[in-house]
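These are the residues of each chain, in order.
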Amino acid sequence: MASETGNLLSRVLESAFYRTALGKAPRLAKNAGSLLKLLKNALVKVQGLGVGATFDVLRDKVVLLGGLLKAYATGEYRNIEFQNLLKVIAGFVYFISPIDLLPDFLPFVGLTDDVALLMFIIKSISDEIEKFEQWKKTALLPN
């Protein structure tokens, strides 16, 4: 199973779909309105998914990354390496696209590539996520 996931992830990362998403990321990173629209589209898509453990995990991950993206877009939080920001943006662009390596309309497998990519991004930027979560805790403390 792990090798199947790794193989799928390799195929996603090498796909034209992901390369296109990565190509769009720098432009989107410079435009707060575009970032917020991307985030909104991702949240709408993830809320419309079915029920079950996989969908719950996906929702949690999109919300987690979305919080980071929103804080960046609004200028509240900028303590993230630009390359890692681009990974998050590219992951969201890939996620909201209905046509990618495994088109979302395929029953049972359509979101597998999206889940694999988002989980990979979260794992690869875990230090950034931890920094962001620490910042959120301190930002919420009363003065």
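These numbers were taken from a predicted model, which means no experiment stands behind them. (Residues numbered from 1 in each chain as written. Predicted model: local features only at pLDDT ≥ 70, side-chain atom pairs only at ≥ 80, totals over all residues. Heavy atoms only, no water.)

A. Geometry of the overall build of the chain. Across its full length, the chain holds seven helices and zero strands. Seen in sequence order, the chain has helices and strands lined up from the N terminus as α-α-α-α-α-α-α. For the chain, whose C-alpha radius of gyration is 15 Å, the value lies close to the compact-globule estimate of 15 Å for 143 residues. For the chain, the spread of C-alpha atoms along the three principal axes comes to 50 × 30 × 30 Å. For the chain, the residues scored as buried account for 41% of the 143 residues in total. A separation of at least 24 residues holds for 68% of the contacts in the chain among residues at least 6 apart in sequence. (Helix = DSSP H or I, 4+ residues; strand = E, 2+ residues; numbered from the N terminus. Rg over C-alpha atoms; globule rule 2.2 N^0.38 Å. Buried < 20%, exposed > 50% of the residue type's maximum accessible area, 1.4 Å probe, protein only. Contact = heavy atoms within 4.5 Å.)

B. Here's a closer look at the packing of aromatic side chains. This model, assessed by the stated rule, comprises four aromatic pairs. On the numbers, 6.5 Å between centres and 65 degrees between planes, the contact of Tyr18 with Tyr94 is edge-to-face. One end of the pair, Tyr18, is in helix H2 (residues 16-29); the other, Tyr94, is in helix H5 (residues 82-96), and 76 residues separate them in sequence. Each member of the pair, Tyr18 as well as Tyr94, is classed as buried. Here Tyr77 and Trp135 contribute two aromatic rings whose centre-to-centre distance is 5.0 Å and whose plane-to-plane angle is 50 degrees, an arrangement assigned as tilted. (Phe/Tyr/Trp six-rings, centres within 6.5 Å; stacked < 30°, edge-to-face > 60°.)

C. Examining a nonpolar patch on the surface more closely. Together, Phe17, Ile99, Phe105, Leu106, Phe108 and Val109 make up an exposed nonpolar region whose accessible area comes to about 660 Å². Inspection of the secondary structure assignment puts Ile99 in the loop between H5 and helix H6 (112-124). Overall, Ile99 belongs to the partly exposed group, its relative accessible area being 46%. (Patch = residues over 30% accessible without salt bridge, like charges linked within 9 Å, V, L, I, M, F, W, Y side chains within 5 Å. Areas by Shrake-Rupley, 256 points an atom, 1.4 Å probe, with all protein chains shown as cover. Salt bridge = Lys/Arg side-chain N within 4 Å of Asp/Glu carboxyl O.)

D. Local environment of the environment of Ala25. Among the secondary structure elements, Ala25 is positioned in helix H2. For Ala25, a relative accessible area of 0% gives the class buried. Separated by 30 residues in sequence, Ala25 and Phe55 place their C-alpha atoms 25 Å apart.

E. How the structure looks around the nonpolar core. The biggest cluster of nonpolar side chains holds 44 residues, and the ones touching the most others in it are Leu58, Val62, Leu65, Leu69, Val88, Ile89 and Phe92. Taken together, the elements giving at least two residues each to this core come down to helix H1 (2-14), H2, helix H3 (32-47), helix H4 (53-73), H5, H6 and helix H7 (126-139). Excluding anything up to four places from it in sequence, Leu69 contacts Leu35, Leu38, Leu39, Leu85, Val88, Ile89 and Phe92. (Core = buried A, V, L, I, M, F, W, Y, C linked by side-chain atoms within 4.5 Å.)

F. Layout of the packing of H3 against H4. Contact geometry for H3 and H4: axes closest at 10 Å, N-to-C directions at 165 degrees. If you check the angle between H3 and H4, you find them roughly antiparallel. The crossing of H3 and H4 is left-handed. Listed contacts from H4 to Ala32, Leu35, Leu36, Leu38, Leu39, Ala42, Leu43, Val46 and Gln47 of H3 are Leu58, Arg59, Val62, Val63, Gly66, Leu69, Lys70, Tyr72 and Ala73. (Axes fitted to C-alpha atoms, helices over the stretch in contact; angles between N-to-C directions. Parallel < 35°, antiparallel > 145°, perpendicular 65-115°, else oblique. Left-handed = near helix turned anticlockwise from the far one by under 90°.)

These figures come from the coordinates and say nothing about function on their own.
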